[in-house]
Amino acid sequence: MTRIQYSVTDMANKHGRSREALLPILQDIYQAKHVISDEDMVNVARELDISAAHVYGTATFYSFLETQQSGKYIIRLCKTITCMMHGKNPVLQELERILKIKPGQTTPDGLFTLKETNCLGQCHKGPAMLVNDNPHTQLTPESVREIIDSYRREALSY
Ligand code: FES
């Protein structure tokens, strides 16, 4: 995910100031910062002339938008039934073991946040997870070790 400079006013100019613009603006903020702060939500509310509570409700409804500071890599492991039946639990246990965190937590080095999420639309290739925008499918405990290692190497190369 690329981080870009942003201003809420620029985003409102780009997407418009109707209620339909709310989600695209929140997505742009998230794309830019990996988090949507309280200040961002107030600014969006001001730009769109809607209540901050409405902005907050939208920002916190979607699991792909973050209102809490999170790791460089956000892992979203599908917890829905098909992935569960294809072995999601051993994959989760391995992620918890190698990252030493539980769902909802971030590693102390700030690299990984682990989350469980609803269906990612990859049911036929479950278990599935997203790491930021990248899908990983047909996961096994072995493959997630390799995937996490590859993101650790990527982080070190910057
Ligand atoms: S049930 Fe996991 S991707 Fe659909």
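In the block above lies the structure referred to throughout.
Here is a short report on the structure shown in this document. (Residues numbered from 1 in each chain as written. Predicted model: local features only at pLDDT ≥ 70, side-chain atom pairs only at ≥ 80, totals over all residues. Heavy atoms only, no water.)

Considerations on the overall build of the protein chain
Which entries qualify depends on this criterion: Going along the chain from the N terminus, every DSSP run of H or I of four or more residues is numbered as a helix, and every run of E of two or more is numbered as a strand. Summary of the burial criterion: residues with accessible area below 20% of their type's maximum are buried, those above 50% are exposed, and those between are partly exposed, where the area comes from a 1.4 Å probe applied to protein chains only. Contacts are assigned to residue pairs with any non-hydrogen atoms lying within 4.5 Å of each other. Accessible surface area values rest on a Shrake-Rupley calculation with a 1.4 Å probe, where residue burial reflects the displayed protein chains alone. The charged-residue count follows a simple rule in which Lys and Arg add positive charge and Asp and Glu add negative charge, with His and chain termini not counted at all. Every charge is mapped to an atom, namely NZ of Lys, CZ of Arg, CG of Asp or CD of Glu.
The number of helices and strands found in the protein chain is 7 helices and 4 strands. Listing the helices and strands of the protein chain from first to last along the sequence gives α-α-α-α-β-α-α-β-β-β-α. Judged by the C-alpha coordinates and their principal axes, the protein chain covers about 50 × 35 × 20 Å. For the protein chain, the proportion of its 158 residues judged to be buried stands at 40%. Across the protein chain, the fraction of contacts at a sequence separation of at least 24, relative to all contacts at a separation of at least 6, is 62%. Accessible area for the protein chain stands at about 8700 Å²; split by element, carbon and sulfur atoms hold 50% of it. Of the side chains in the protein chain, 18 bear a positive and 18 a negative charge, and the two mean positions are spaced by 4 Å.

Details of the environment of T107
Note the cut-off: Here a polar contact means two N or O atoms within 3.5 Å. Within protein one must be a hydrogen donor candidate and the other an acceptor candidate, and residues neighboring in sequence count only if both atoms are side-chain atoms.
Secondary-structure assignment places T107 in the loop between α6 (88-99) and β2 (112-117). Between the C-alpha atom of T107 and that of A53, which follows or precedes it by 54 residues, the distance is 30 Å. A polar side-chain atom of T107 sits 3.3 Å from the main-chain amide nitrogen of L111.

A short note on the sheet that holds β2
For clarity, the cut-off: Here a strand pair is declared whenever DSSP counts at least two bridges between the two strands. Fitted lines through C-alpha atoms serve as axes, helices being fitted only where they are in contact, and the angles separating the N-to-C directions of these axes extend from 0 to 180 degrees.
Spatial ordering of the open sheet is given by β2-β1-β3-β4, a layout of 4 strands whose pairing is mixed. Each edge of the open sheet is held by one strand with a lone partner, namely β2 and β4 (134-136). The sheet shows a mean angle of 20 degrees between the axes of neighbouring strands, direction not considered. Of the pairings in the sheet, the one linking strand β3 (residues 129-131) to β4 comprises 3 bridges and is antiparallel in character. Its bridge partner being in β4, L130 is matched across the sheet by P135. Those strands touched by helix α7 (residues 141-156) are β1 (73-78), β2, β3 and β4, and its axis lies near 165 degrees from that of β1.

Quick notes on the packing of aromatic side chains
Put simply, the rule reads: Only the six-membered ring of Trp is used, alongside the rings of Phe and Tyr, when aromatic pairs are assigned; centres must lie within 6.5 Å, and planes under 30 degrees apart are stacked while those over 60 apart are edge-to-face, with the rest tilted.
Across all of its chains, the model carries 3 aromatic pairs by this definition. Through pairs of rings, three or more aromatic residues link up here, namely Y73, F112 and Y151.

Some thoughts on the pattern of salt bridges
Counted only if it meets this: Basic side-chain nitrogens of Lys or Arg form a salt bridge, by our definition, when they fall within 4 Å of a carboxyl oxygen of Asp or Glu.
Tallied over the entire structure, the rule returns 8 salt bridges. Across the salt bridge formed by E94 and R97, the nearest N and O atoms sit 2.9 Å from each other. Separated by 3 residues within a single helix, E94 and R97 lie in helix α6, roughly one turn from each other. On the basis of relative accessible area, E94 is assigned to the buried category, the value being 9%. Residues joined by salt bridges that share partners form a network here, namely E94, R97 and R145.

A look at a nonpolar patch on the surface
What counts here: Put simply, a patch holds well-exposed residues, over 30% relative accessible area, that have no salt bridge, with like charges counted together within 9 Å and Val, Leu, Ile, Met, Phe, Trp or Tyr side chains within 5 Å.
A cluster of nonpolar residues, I81, M84 and M85, forms a patch on the protein surface that exposes about 340 Å² of accessible area. With respect to the helices, strands and loops of the structure, M85 is situated in helix α5 (residues 81-85).

Observations concerning the packing of helix α2 (residues 22-33) against helix α4 (residues 52-61)
This is how it is decided: For a crossing to be left-handed, the near helix must be turned anticlockwise from the far one by less than a right angle; the clockwise case is right-handed. In this count, Pro and Cys sit with the nonpolar residues alongside Ala, Val, Leu, Ile, Met, Phe, Trp and Tyr, while Asp, Glu, Lys and Arg are called charged and the others, Gly among them, polar.
Taken N-terminus to C-terminus, the directions of α2 and α4 make an angle of 65 degrees; their axes are 11 Å apart at the nearest point. Judged by the twist between their axes, the crossing of α2 over α4 is right-handed. On the side of α2, the interface is formed by L22, L23 and L26, while α4 contributes H54, V55, T58 and A59. Here the contact of α2 with α4 is built from residues that sort into 5 nonpolar, 2 polar and no charged.

So yeah, pure geometry; function would need other evidence.
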